[in-house]
Amino acid sequence: MKTLIMSSSLTVYEKDQNGNEYARIIDNDNGFLDNLRKHMTSRKCMVVISGNPKKKRTGDPNEITRQSFAMSGIPFDEYIYVSDVNKEHIAEYIAKADCINLFGGHLPTANAFINELNLKELLKDYNGVIIGASGGAMNMADHVYCIPEVEGEHADKSFNRILNGLALTNINVIPHYKLFEKKVFTDGIKMLEDILLPDSKKTPMIALPDRSYIIQQDDKVEIFGEAYLLKNGLIEQISQNEEIKTL
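These figures come from a predicted structure and were not determined experimentally.

1. A look at the sheet that holds strand S6 (residues 99-102)
Move 1: An order of S5-S4-S6-S7-S1-S12-S13-S16 is seen for the eight strands of this open sheet, with the pairing classed as mixed. Since the sheet does not close on itself, it has two edges, and those belong to strand S5 (78-82) and strand S16 (244-246), each with one partner. Recorded for the sheet is a direction-independent mean angle of 15° between the axes of neighbouring strands.
Move 2: Summarising the sheet, strand S4 (residues 45-49) and S6 pair through four bridges and their orientation is parallel.

2. Re the pairing of strand S13 (residues 220-224)
Move 1: Judged by how many residues are buried, S13 sits mostly within the fold: four of five residues are covered.
Move 2: Pairing of strand S12 (residues 213-217) with S13, which is carried by five bridges, proceeds in the antiparallel orientation. In the strand pairing of S13, Tyr-213 is matched with Phe-224.
Move 3: The hairpin turn running from S12 into S13, its antiparallel successor, is two residues long, and Asp-218 in that turn takes a positive phi close to 55°.
Move 4: Pairing of S13 with S16 involves three bridges; the strand directions are antiparallel. Across the sheet, the residue bridging to Glu-222 is Thr-246, located in S16.

3. Looking at the pattern of salt bridges
Move 1: In this structure the tally under the stated criterion is 14 salt bridges.
Move 2: Asp-142 is the salt-bridge partner of Lys-120, the closest N and O atoms lying 3.9 Å from each other. Placement of the pair is Lys-120 in helix H5 (residues 119-122) and Asp-142 in the loop between helix H6 (135-138) and strand S8 (143-145), with a sequence separation of 22 residues.
Move 3: Using a relative accessible area of 36% as the deciding quantity, one classes Lys-120 as partly exposed.
Move 4: With relative accessibility at 30%, the residue Asp-142 sits in the partly exposed group.

Cut-offs and rules
- Residues numbered from 1 in each chain as written.
- Predicted model: local features only at pLDDT ≥ 70, side-chain atom pairs only at ≥ 80, totals over all residues.
- Heavy atoms only, no water.
- Pairing = 2+ DSSP bridges.
- Helix = DSSP H or I, 4+ residues; strand = E, 2+ residues; numbered from the N terminus.
- Axes fitted to C-alpha atoms, helices over the stretch in contact; angles between N-to-C directions.
- Buried < 20%, exposed > 50% of the residue type's maximum accessible area, 1.4 Å probe, protein only.
- Salt bridge = Lys/Arg side-chain N within 4 Å of Asp/Glu carboxyl O.

Quick look at the structure:
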């Protein structure tokens, strides 16, 4: 049985004053860390899928992820960070993974990489835990709603707002909701009123502030923390912080 954990954020590192990354303990807001420990019972191998496979990191993402999960009481025996360097071995990595961790970042970039890896096909028969944070959570949907978040994307007629995802869920997550609801582009276009709500007439979405998340197992879907339903051009708060909502 697949367990999907769709989070607005999963912070495993911070940066010092020189920009160097160092590991940190995962937050337990709305019982997030408790649920990670609960569902990650087999801890031999975690496979991390990069959200930006060409980016050079200031720290070793494998080591930072290892340290963070170990510090948080969820140590794995092996961590494999998949980027352009080792992507040809993805089928081998997935076959031995107990947990797959989909990193976020710029959504079109992360989405292009999961499609290049043919990850949708590789995950069809996968039974384990799949974590998606931010863009990683968004990419779990079949038809992924792609937020035009970078300046100029909303006015670009060639920008594709629907992308091919992993088809793991029918939920379209909007992460970092508190940031997006206040975002205004330089031309005066408002992210919530002028983009998200009109687009929700075609694509319903669940908007999550940071520290809220969704867990899906088969047909059981639970929201942990504050969440909003964007549908038919309207917005409705469907759960509060520290609340568990079953859909």
